[in-house]
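Commentary on secondary and tertiary structure
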Amino acid sequence: MALLKIKDLTVGIKQTGEKILKGISFSLNPSEILGILGESGSGKSLTALSILKLLPPGLSYFKGQVLFEEKNLLELEEREVNKIRGKKISIIFQDPLSSLNPVLTIEEQMEEVFRYHLGIKGKEARGLIIRTLKEVGISDPEFRLKNYPHELSGGLRQRVMIAMAIACSPKILIADEPTTALDLTIQMQVLELLKSLNQEKGLSIIFITHDLGILRWFAHRILVFYKGQILEIAPTEKLFKNPLHPYTKLLFNSYPGRKDHEDLNLWTQERLDQSFCPFYTKCAMACKESLEREPKLREVEPSHFVRCFLYE
Amino acid sequence: MNEEILAEVKGVSKVYKVRTYLFKKISFYALLDVSLKVRKGEVVVLLGESGCGKTTLGKIFLDLEKPDKGDVFWFSYNLKSLDKRLYKEIRPKIQALFQDSFASLNPRFKVKEILSEPYLINFKSSKREALEKALEVLCQVGLSEEILERYPHQLSGGQRQRVALARALITEPKLIVLDEPTSALDMTIQSQILTLLKRLKEIKGLSYLLITHSLPAALEMADRIVVMYLGRIVESFKKEVFRKIDHHPYTKMLLRAFPDPFSENPPEVSTIKGEPASLLQRREGCEFYPRCPEADSLCAKERPTLRGNNEYQVSCLKRPFN
């Protein structure tokens, strides 16, 4: 049974009716780390935000469902969504400094989480806070309680963010580029922490990044996003051994040292875009069919889905 | 010697001051006794984590920052004793390309003005000549003529970075300092820019000082890789010997921890110890000591120096030369 199911999620600009996410469908299994791979503007962050009904102003839902515990989150009242947000589904972002309140100490920010969701305050909360901080690998947490966010290093701040996100033992953690702003060594330490939360507590993680290396060694399954659509879905090993979609292949070949990129420059010459395939303008294998109808996401091998006419 | 040295720093240190509380200031060394040469036709890569001083060193090479100690040489002229006329003549030969091209291009200038301005200033040419030259460099970076009439905000990130590169090229430089030139770009665009940089280097015989924190980009581009840690060079080696040498423990840690998507081996995270120390609190002995898996009691007391030969230099008591 899938823990979270997204069905035909379509999000766009309210005024113009322009679609940004075009029919996203996928599911998240229990204890799974699901990677979302995509370049800037591909809609990967917007997908994360729309799962929690956190759409930026001006955007609205056109279609679709977000099914969690037999309820469609998109139909729930704000009050009810608040009970799920941060308690059952948490989210962490790239820049912890802008997500933490600069005028509250670590203890004050974390107490808020326990007070709001679980009604625990004061001394009792402090014990829980110290325990949670220990869990995310912060040494001497008692000493950190009185610190303000600016007094912590980047790695510690991200750990505090993770501590707040897992404080109520959520089922799902959405991590939107959580390590992009960190140095390599710190990055790997934070990933290791997320991995251990996944293995020991069965936390399911939706992990959004553009970093191939991190997804390769961290995610169980990967969705490849492009221009608001999913182009390919596959288990990690399969995807890296045998990428099917021309876009995925291009991404992999763009990795420094993989290939001489002489041919890449050719691909940038834009074709007139009148096609139904989002990748048509830059595709090395662009086909006639994509001028006539839309390619569908199809299972071409067991659990390997791809949206491309080459495999139809 | 046919190895012409384009730019060199010798024993350079740089101090910055930070205000901690009202009038209380403390100073710290962002760079400590760094020496480095860039030879003709060579790509030197500065690799390191944030705060290790790689950008500061790049700025010193560009004469955008003055070192507090040590000397900077351009074409073997010491900048301290260079007279103004000669300085003006060789200044355009050393150019820069930064990470954020949006911040480094004037938003009120059209691309043709952005490109021709440095040419008009440095070569006292006519406007027509400058425009012709602008078109030439624009072609070299793979952009077409219609871009000339556009403003920076009308360009994509990749196009902006190409324009910034064209502006660097228009003065016919010998050396370009590239400070994280691709880290703000998408993967596919990144590889295009790196390929373009490599091709231009071949055609024009350029040299680069490439500042990056990306290991794959460093290996793709470099002739020589220089690893920095807390304001010092801990290791410097030619790319040919990359697989052969016993690396500095810090470099080893980076190499092991790096998640390579196309390798068979998963990253080793257990070897990472702690976080980089603060530049404000320097320690006796080796600066990497608290995080080093190979350290012993001698490392806590004695500071290693960068020693070695032309191919490989390292600053570690547990390695040869020391």
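Above: the structure in question.
Residues numbered from 1 in each chain as written. Chains lettered and ligands numbered in written order. Predicted model: local features only at pLDDT ≥ 70, side-chain atom pairs only at ≥ 80, totals over all residues.

**Re helix H1 (residues 44–51) of chain A**
Residue and element names in this part refer to chain A. The element H1 is extensively covered by neighbouring structure, given that six of its eight residues are classed as buried. Taken together, the buried positions of H1 are Lys-44, Leu-46, Thr-47, Ala-48, Ser-50 and Ile-51. Taken from the residues just after H1, Lys-53 is the one with a positive phi, measuring 55°. (Buried ≥ 20, exposed ≤ 12 C-beta atoms within 10 Å, placed from the backbone. Helix = DSSP H or I, 4+ residues; strand = E, 2+ residues; numbered from the N terminus.)

**Side note on the interface of chain A and chain B**
Across the contact, 30 residues belong to chain A and 28 residues belong to chain B. The set of elements that each furnish at least two residues to the side of chain A that touches chain B consists of helix H8 (184–201), helix H9 (212–218), helix H11 (246–254) and helix H12 (262–267) of chain A. With six residues, H8 of chain A is the largest single contributor of residues to the side of chain A that touches chain B. Taken together, the residues that form the side of chain A that touches chain B break down as 12 nonpolar, 12 polar and six charged. (Contact = placed C-beta atoms within 7 Å. Nonpolar A, V, L, I, M, F, W, Y, C, P; charged D, E, K, R; others polar.)

**Description of the sheet that holds strand S12 (residues 304–307) of chain A**
All names here are of chain A. One open sheet holds the eight strands; their spatial order is S6-S7-S8-S3-S9-S10-S12-S11, and the pairing between them is mixed. Two strands close off the open sheet at either side, each with one partner strand: strand S6 (89–92) and strand S11 (297–301). Put simply, the sheet's adjacent strands are angled 20° from each other on average, direction ignored. Alignment of strand S7 (residues 172–176) against strand S8 (residues 204–209), held across five bridges, turns out to be parallel. Counterpart to Ile-174 in the pairing with S8 is Ile-206. (Pairing = 2+ DSSP bridges. Axes fitted to C-alpha atoms, helices over the stretch in contact; angles between N-to-C directions.)

**Re helix H1 (residues 54–61) of chain B**
With eight of eight residues buried, H1 of chain B is to be regarded as a mostly interior element. Downstream of H1 of chain B by a residue or two, Asp-63 of chain B has a phi angle that is positive, lying close to 60°.

**Here we look at the pairing of strand S9 (residues 221–226) of chain A**
All names here are of chain A. Most of S9 sits inside the fold, with six of its six residues counted as buried. Residues of S9 alternate between two faces, with Arg-221, Leu-223 and Phe-225 on one and Ile-222, Val-224 and Tyr-226 on the opposite face, all of them buried. The sheet contact formed by strand S3 (residues 33–37) and S9 spans four bridges and is parallel. Paired with Leu-34 across the strands is Arg-221, a residue of S9. Relative to strand S10 (residues 229–235), S9 runs antiparallel, the two being bridged by six bridges. Within the sheet, the bridge partner assigned to Leu-223 lies in S10 and is Ile-233. Count of turn residues in the S9/S10 antiparallel hairpin: two residues, of which Lys-227 carries a positive phi of about 45°.

**A closer look at the nonpolar core**
The nonpolar side chains of a soluble globular protein tend to be buried with one another. Residues Ile-206, Phe-207 and Leu-223 of chain A together with Val-45, Leu-209 and Val-226 of chain B are the most contacted members of the largest nonpolar core, which totals 170 residues. Not counting residues within four places of it along the chain, the set of residues in contact with Phe-207 of chain A comprises Ile-33, Leu-34, Gly-35, Ile-36, Ala-175, Phe-218 and Ala-219 of chain A. (Core = buried A, V, L, I, M, F, W, Y, C linked by C-beta atoms within 7 Å.)

**A few points about the packing of helix H4 (residues 106–118) of chain A against helix H5 (residues 122–135) of chain A**
All names here are of chain A. At a minimum axis separation of 10 Å, H4 and H5 run at an interaxial angle of 110°. Regarding the angle of H4 to H5, the classification is roughly perpendicular. Counting all contacts with H4, which are made through Glu-107, Met-110, Glu-111, Phe-114 and Arg-115, the residues of H5 involved are Ala-125, Arg-126, Leu-128 and Ile-129. When the residues that make up the contact of H4 with H5 are grouped by side-chain class, the tally is five nonpolar, no polar and four charged. (Parallel < 35°, antiparallel > 145°, perpendicular 65-115°, else oblique.)

**A look at the sheet that holds strand S4 (residues 59–68) of chain A**
Residues and elements named next belong to chain A. Across the sheet, which stays open at both edges, the four strands sit in the order S2-S1-S4-S5 with antiparallel pairing between neighbours. For this open sheet the edge positions go to strand S2 (19–28) and strand S5 (71–72), each flanked by a neighbour on one side alone. Relative to S5, S4 runs antiparallel, the two sharing two bridges. Following the sheet pairing, Leu-67 is matched in S5 by Asn-72.

**As for the pairing of strand S8 (residues 207–212) of chain B**
Residue and element names in this part refer to chain B. Within S8, six of the six residues are buried, leaving the element largely enclosed by the surrounding structure. Judged by which residues are buried, S8 turns out to be covered on both faces: Ser-207, Leu-209 and Ile-211 on one side and Tyr-208, Leu-210 and Thr-212 on the other are all buried. The pairing of strand S3 (residues 43–47) with S8 spans five bridges and is parallel. Each residue of the ladder has a partner; that of Val-44, found in S8, is Leu-209. Where strand S7 (residues 175–179) lies against S8, five bridges are found, and the strand directions are parallel. From the neighbouring strand, Ile-176 faces S8, where its bridge partner is Tyr-208. Handedness of the crossover is the feature at issue here: the chain leaves S7, passes through helix H7 (residues 187–204), returns alongside S8, and the resulting connection is right-handed. (Right-handed = clockwise from strand over helix to strand, strands pointing away.)

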